[in-house]
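What follows is each chain in one-letter form.
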Amino acid sequence: MREAVEIGLKSNPSILAAREALSASDYAVKSAKAAFGPALSTQYGYTRLDERPQSLGFTAGTLDNWELVFNVHQPLFTGFNLLTTHEKTILQKEQAASQIDNVELQLIVAIQDTFLRLLQARENVRSAEDSLVRLRSQLKVSTAFYEVGLRPKLDMLQAEVDVANAEQLMLSAKNNEATLNAQLNTLLGKGVEADVEYVGELRYFPMPLTLEECLARAGQHRPDLRIARQSVMVAEKDKVLAAVPYYPQVGADFNYIREGEDPLVHGGDYHTPSQWNAQVGMKWTFFEWGKTYYGEKQAEKNVSRLGQEYLNLENDAAFEVKKSFLQIETAEKRISAARQGLIAAKESYRMAVARYEAQVGTNTDVLDAQAKQTLSEASLHEALSDYERSVAELYGAMGQRNPELLAQ
């Protein structure tokens, strides 16, 4: 199981997609950080006038005018826009990392659940095969007794019907095993027909944790709770960004300008070959009919909404822990009862066969006892599988990885 989990974490497409999202968020952080630096731009243009400019009866310009401008703009104060955007991208990167943890945790639980279902299906196939062997043996006995006149033909026909039903149940069990095998291949990022040997057995081990310890671990380790907390912090940054228009925008510019009568902007009689200027400016939109006010209120309500969703998620997490914990206790009791029932069913079947062969029991007693033994075996397999799957769900609900599914 541990090896299957490790392969799934390396190859499952959902994990690879989450890692790509983390890489993208890293670039977003770098992009937001780069916005603090100066921006360089250039502008090149041509203007054709309909007539030469005149001043006091003299020519004051040219018909053809070319201009090349280089600009360096350095933001000085943006109403906390750049700083808040940078902080927001850092939070989003942390959120993407938490999302990887969440996806990996969900995948681990899914692989373990399918792996244990596959082991249960294998045990069911083995039980179905053993059942078929017992029924075929009973059919031989019934046929032999019928041929010598010790038993009626009805016993033989009943045995034949049960053999046919057992063969169908065995085929169904094998089909279920193949289906789960293909599903597990898919979770590991392999083809459904991949030849992979999954090795393991259903087992019981005691769970040493109390409910209070499980709830405490869930509050500390669950990645979805961490993602929800980070969502609240991101929403708080959005609230700050919504208030940016309240503040003026201050920036510094440096311009280098070249003009001329030709595309090479070499200057001329009416053009300065080159000049530069520097300036500091402010832009402030101080009234927009409540647009900024209502936008900030919307962001504030979004923060409140995410806070309530986080509290709801905490309650859901506690419920998942409690549910898995109770399922473990129930499955534990079922295992004990199923083991006792299987011992009794095997003894009942042995006695029914002995009585039938001694001509003091009926064929119906043998078939009933055989069916109960098969049912008892299936009940034990199901209880063991449910127990381990509940343990896997509990560790998933606590936000902890447990690839080998050992008591921690």
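## Looking at the overall build of the chain
Now for step 1: Scanning the chain for helices and strands turns up 8 helices and 6 strands.
Now for step 2: Sequence-ordered secondary structure for the chain, helices as α and strands as β, is α-α-β-β-β-β-α-α-α-α-β-β-α-α.
Now for step 3: On C-alpha atoms alone, the chain measures out to a radius of gyration of 39 Å, which is more than a quarter above the 22 Å that the 2.2 N^0.38 rule sets for 408 residues.
Now for step 4: In terms of principal-axis extent, the alpha carbons of the chain reach across some 140 × 45 × 35 Å.
Now for step 5: Within the chain, contacts between residues at least 6 apart in sequence are counted, and of these 79% link residues at least 24 apart.
Now for step 6: Accessible surface computed for the chain: about 23200 Å², of which carbon and sulfur atoms make up 56%.
Now for step 7: Distance between charge centres in the chain, computed from 43 positive and 55 negative side chains, equals 4 Å.

## Overview of the sheet that holds strand S6 (residues 275-283)
Now for step 1: The antiparallel open sheet is built from 4 strands, whose spatial order is S1-S4-S5-S6. If you trace the sheet from one side to the other, it starts and ends with strand S1 (39-48) and S6, each paired once. In this sheet, adjacent strand axes meet at a mean angle of 25° when their direction is disregarded.
Now for step 2: As defined by bridge partners, S1 adjoins strand S4 (residues 64-77) across 10 bridges and the pair is classed as antiparallel. Opposite Ala39, over in S4, you have His73 as the bridge partner.

## Regarding the packing of helix H6 (residues 223-242) against helix H7 (residues 291-357)
Now for step 1: Packing of H6 against H7 brings their axes to within 8 Å, and their N-to-C directions diverge by 170°. Looking at the two axes, H6 sits roughly antiparallel to H7.

## As for unusual backbone geometry
Now for step 1: Located in the positive-phi region is Phe80, a residue other than glycine, with phi close to 70°.
Now for step 2: Structurally, Phe80 is set in the loop between S4 and helix H3 (81-147).
Now for step 3: Judged by relative accessible area, which is 40%, Phe80 ranks as partly exposed.
Now for step 4: If you check the backbone angles, Val265 has positive phi at about 45° while not being a glycine.
Now for step 5: Along the chain, the position of Val265 falls in the loop between strand S5 (249-260) and S6.
Now for step 6: On the basis of relative accessible area, Val265 is assigned to the buried category, the value being 4%.

What counts and how
Residues numbered from 1 in each chain as written. Predicted model: local features only at pLDDT ≥ 70, side-chain atom pairs only at ≥ 80, totals over all residues. Heavy atoms only, no water. Helix = DSSP H or I, 4+ residues; strand = E, 2+ residues; numbered from the N terminus. Rg over C-alpha atoms; globule rule 2.2 N^0.38 Å. Contact = heavy atoms within 4.5 Å. Areas by Shrake-Rupley, 256 points an atom, 1.4 Å probe, with all protein chains shown as cover. Lys, Arg positive; Asp, Glu negative; His and termini not counted. Charge placed at Lys NZ, Arg CZ, Asp CG, Glu CD. Pairing = 2+ DSSP bridges. Axes fitted to C-alpha atoms, helices over the stretch in contact; angles between N-to-C directions. Parallel < 35°, antiparallel > 145°, perpendicular 65-115°, else oblique. Buried < 20%, exposed > 50% of the residue type's maximum accessible area, 1.4 Å probe, protein only.

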